[in-house]
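A closer look at the structure
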Amino acid sequence: MIETTRIPTLHTERLTLRPLSVLDADDMFEYARTPYVGPLAGWEPHKTVSETINVITNLITPRSPYDLGVWAIIDNNTSKMIGTIELYNHSPLFKAELGYALSPKYWGLGIVPEAVNEVVAYAFEFLALKRLEVGLFLDNIQSKRVCEKTGFTFEGVSRNGYIRYDGKILDKANYAMTKEDYFNNRN
């Protein structure tokens, strides 16, 4: 059997962050099919639940020893899976990239910053990383606000830095947080 997770379950006041599962397919499809989520994150909206199952299977199958896994964001009040958050491109004891997606029904409620803060603490306190990075498209205002609210610093723009699923080449804003930033802001 393939080991499909290397991440623990994390808890916040309103959320449970647990390893993503194919059992989350219906909940993920509900928001992944909308035109509001995927294109802002660089992926095409899902057309079927089967496609969502394939995406989840790909996400939970480690491609290298440095893949950590993807957390499902669970609303503690409803036990519904409402989004995902992940650390990827992990270089042990050095850095990782942070990515997230959330159902539009939950936008503007502080859900992603709450999840990000918990994953950032895990990254710096447990994984002992030195740096976390977030890349986002310039028109992704929600992700920009998440980065600002959670203490990430804008480091610049990678011009023509990303090719999206539809072949469109986009500029990418780069944000980062260092271990020093994290511990200084925590105190």
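Here the structure is a predicted model, which is why all the values come from computation and not from measurement. (Residues numbered from 1 in each chain as written. Predicted model: local features only at pLDDT ≥ 70, side-chain atom pairs only at ≥ 80, totals over all residues. Heavy atoms only, no water.)

1. A few points about the packing of aromatic side chains
Worth spelling out the cut-off: Any two of the Phe, Tyr and Trp rings considered here, Trp counted by its six-membered ring, make a pair once their centres fall within 6.5 Å; the pair's planes then place it as stacked at under 30 degrees, edge-to-face at over 60, or tilted in between. The helix and strand labels rest on DSSP assignments: H or I over at least four residues marks a helix, E over at least two residues marks a strand, and numbering proceeds from the N terminus. Here's how the labels work: a residue is buried when its accessible area is under 20% of the maximum for its type, exposed when over 50%, partly exposed in between, all with a 1.4 Å probe on protein chains only.
Going through the model one piece at a time under the given rule, you end up with six aromatic pairs. Look at Phe137 and Tyr162: their rings are 5.1 Å apart centre to centre, the planes differ by 70°, and that puts the pair in the edge-to-face class. Taken together, the residues Phe137 in strand E6 (residues 131-137) and Tyr162 in strand E7 (residues 153-163) connect sequence positions 25 residues apart. With relative accessibility at 6%, the residue Phe137 sits in the buried group.

2. Some remarks on the packing of helix H1 (residues 25-32) against helix H3 (residues 49-60)
The condition that has to hold: Interaxial angle, 0 to 180 degrees, is taken between N-to-C directions of lines fitted to C-alpha atoms, where a helix line uses only the stretch in contact. Any angle between 65 and 115 degrees counts as roughly perpendicular, while under 35 counts as roughly parallel, over 145 as roughly antiparallel, and the rest as oblique. We call two residues contacting when some pair of their heavy atoms lies within 4.5 Å. All residues other than Ala, Val, Leu, Ile, Met, Phe, Trp, Tyr, Cys, Pro, Asp, Glu, Lys and Arg, Gly among them, are scored as polar; the first ten of these are nonpolar and the last four charged.
Where H1 contacts H3, the two axes come as close as 9 Å, and the packing angle between them is 110°. The angle between H1 and H3 falls in the class roughly perpendicular. The segment H1 lies against H3, with Ala25, Asp26, Met28 and Phe29 engaging Val49, Thr52, Ile53 and Ile56. Among the residues forming the contact of H1 with H3, the class breakdown is six nonpolar, one polar and one charged.

3. So, the pattern of salt bridges
What counts here: Every case where a carboxyl oxygen of Asp or Glu lies within 4 Å of a side-chain nitrogen of Lys or Arg is listed as a salt bridge.
Inspection of the entire model under this criterion finds eleven salt bridges. Linking Glu30 and Lys105 is a salt bridge whose minimum nitrogen-to-oxygen distance equals 2.9 Å. Taken as a pair, Glu30 in helix H1 and Lys105 in the loop between strand E5 (95-102) and helix H4 (111-126) lie far apart in primary sequence, 75 residues in all. Overall, Lys105 belongs to the exposed group, its relative accessible area being 62%. Among the salt bridges present, the one from Glu155 reaches Arg131, with a minimum N-O distance of 2.6 Å. Residue Glu155 is located in strand E7, and its partner Arg131 is located in strand E6; the two are separated by 24 residues in the primary sequence. Overall, the relative accessible area of 47% leaves Glu155 in the partly exposed class.

4. Overview of the nonpolar core
So the rule is basically this: Nonpolar cores are built from buried Ala, Val, Leu, Ile, Met, Phe, Trp, Tyr and Cys residues. Side-chain atoms within 4.5 Å join them into one set.
The biggest cluster of nonpolar side chains holds 37 residues, and the ones touching the most others in it are Ile85, Leu87 and Phe152. In terms of residue count, H4 provides more of this core than any other element does, ten residues in total. Not counting chain neighbours up to four residues away, the residues in contact with Phe152 comprise Leu98, Val116, Val120, Leu132, Val134, Cys147, Tyr175, Ala176 and Met177.

5. Considering the side chain of Asn140
Spelled out, the test is: Polar contact criterion, stated in full: a pair of N or O atoms within 3.5 Å, where within protein one must be able to donate a hydrogen and the other to accept it, and residues adjacent in sequence count only if both atoms are side-chain atoms.
Locating Asn140 in the fold gives a position in the loop between E6 and helix H5 (141-149). A polar contact is formed between the side chain of Asn140 and the backbone nitrogen of Ser143, at a distance of 3.1 Å.

6. A word on a nonpolar patch on the surface
Condition: Within this analysis, patches are made of residues with over 30% relative accessible area and no salt bridge. Like charges are joined at 9 Å or less; nonpolar side chains (Val, Leu, Ile, Met, Phe, Trp, Tyr) at 5 Å or less. The Shrake-Rupley method, run with a 1.4 Å probe sphere, supplies the accessible areas, and residue values consider only the shown protein chains as cover.
Judged by side-chain polarity, Val22, Leu23 and Ile53 come together as a nonpolar surface patch covering roughly 280 Å² of accessible area. Within the fold, Val22 resides in the loop between strand E2 (15-19) and H1.

7. Here's the deal with the sheet that holds E6
Formally: At least two DSSP bridges between two strands are needed for those strands to be called paired.
An order of E1-E2-E3-E4-E5-E6-E8-E7 is seen for the eight strands of this open sheet, with the pairing classed as mixed. Of all the strands in the sheet, just strand E1 (10-11) and E7 have a single pairing partner and so form its edges. Bridging between E1 and E2 involves two bridges; their strand directions are antiparallel. Of the residues in E2, the one forming a bridge with His11 is Thr16. Most of the contacts of helix H6 (residues 179-186) go to strand E8 (residues 169-178), to which it runs at about 55°, and overall it touches E7 and E8.

8. Describing the environment of Ala115
Tracing the sequence through the fold places Ala115 in helix H4. Ala115 sits in the buried class, given a relative accessible area of 0%. For the pair formed by Ala115 and Ile73, sequence separation is 42 residues and the distance between their alpha carbons is 7.5 Å. In this structure, Ala115 is in contact with Leu15, Leu17, Ile73 and Ile85, ignoring residues within four places of it in sequence.

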